[in-house]
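Residue-level listing of the chains:
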Amino acid sequence: KLRTIYKLEVLRSSTGMNAIFFRAPSIKKYRELDRKLRERIQAFCLDHVRAVVAALRPKQIVVIGFEAMRLFDPGQADLFAAKGRVLTISGVVAGCPALAVLHLTGCRIAADDRSKIAARLSGQIQSD
């Protein structure tokens, strides 16, 4: 899915990581865990994400999924589809500028919207 938005040379010079390192069979199963345990997992993971971001000092972070972005910053919707669907949200993750996009595997994204997201990420278009 990333290859439909990014050129291969961009992906080769990038790194990725999850905001929450814990894996569960489904989000439903994860949410069945004790709330206090989920809070401890989240605090542990986000502290480590911040440490990695501080070490790497990226120019920009691309967050895949709005829910992941909200773990760090509510952000501001800044790119919209023709029918008003939010395509990107800008914000900050661990002191670094961040741009969140619709989750690439969880959402059906029209080809035109995918092109619009790609243009926004590459800096060819600014926010709406």
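To be clear, the structure that these remarks concern was listed above.
Anyway, here's the lowdown on the structure attached to this text. None of the values given here were measured: they were computed from a predicted structure.

### Considerations on the environment of Arg 40
Then comes step 1: The residue Arg 40 is located in helix α3 (residues 35-56) in this model.
Then comes step 2: When the C-alpha positions of Arg 40 and Gly 95 are compared, they lie 22 Å apart, and in sequence the two are 55 residues distant.

### So, the pattern of salt bridges
Then comes step 1: Within this structure, the stated rule accounts for five salt bridges.
Then comes step 2: Taking the shortest distance from any N to any O, the salt bridge between Glu 39 and Arg 35 comes out at 2.7 Å. Taken as a pair, Glu 39 and Arg 35 lie in helix α3 at a separation of four residues, close to a single helical turn.
Then comes step 3: When its relative accessible area of 48% is taken as the criterion, Arg 35 is described as partly exposed.
Then comes step 4: The salt bridge partner of Asp 78 is Arg 120, with a shortest N-O separation of 2.5 Å. Of this pair, Asp 78 sits in strand β2 (residues 76-80) while Arg 120 sits in helix α5 (residues 111-121); the two residues are 42 residues apart in sequence, bridging distant segments of the chain.
Then comes step 5: Classification of Arg 120 by relative accessible area gives buried; the value is 14%.

### Digging into the packing of aromatic side chains
Then comes step 1: Applying the stated criterion across every chain, the model contains one aromatic pair.
Then comes step 2: Aromatic side chains Phe 22 and Tyr 30 sit 5.6 Å apart centroid to centroid with 45° between the ring planes, which places their arrangement in the tilted category.
Then comes step 3: Its relative accessible area of 38% is what places Phe 22 among the partly exposed residues.
Then comes step 4: We classify Tyr 30 as buried; its relative accessible area is 15%.

### Some points on α3
Then comes step 1: Relative to the 32 Å expected for 22 residues at 1.5 Å per residue, α3 spans 31 Å between its end C-alpha atoms, a close match to the ideal helical length.
Then comes step 2: Every buried residue belonging to α3 is among Ile 41, Cys 45, Leu 46, Val 49 and Val 53, and all of these are buried. Down the axis of α3, the smallest arc covering the buried residues is 125°, so these residues share one side. Within α3, the exposed residues directed more than 90 degrees away from the buried face are Lys 36, Arg 40, Ala 54 and Ala 55.

### What to know about the nonpolar core
Then comes step 1: In terms of nonpolar packing, the biggest core is built from 24 residues, with Ile 5, Ile 61, Val 63, Ile 117 and Leu 121 touching the most fellow members.
Then comes step 2: Elements that contribute at least two residues to this core include exactly α3, β1 (61-64), α4 (66-70), β3 (86-93), β4 (96-101) and α5.
Then comes step 3: In terms of residues, this core owes the most to one element, β4, which gives five residues.
Then comes step 4: In contact with Leu 121, not counting residues within four places along its chain, are Ile 5, Tyr 6, Gln 60, Val 62, Leu 99 and Val 101.

The rules behind the values
- Residues numbered from 1 in each chain as written.
- Predicted model: local features only at pLDDT ≥ 70, side-chain atom pairs only at ≥ 80, totals over all residues.
- Heavy atoms only, no water.
- Helix = DSSP H or I, 4+ residues; strand = E, 2+ residues; numbered from the N terminus.
- Salt bridge = Lys/Arg side-chain N within 4 Å of Asp/Glu carboxyl O.
- Buried < 20%, exposed > 50% of the residue type's maximum accessible area, 1.4 Å probe, protein only.
- Phe/Tyr/Trp six-rings, centres within 6.5 Å; stacked < 30°, edge-to-face > 60°.
- Expected span 1.5 Å × (residues − 1).
- Arc of directions from axis to C-beta.
- Core = buried A, V, L, I, M, F, W, Y, C linked by side-chain atoms within 4.5 Å.
- Contact = heavy atoms within 4.5 Å.

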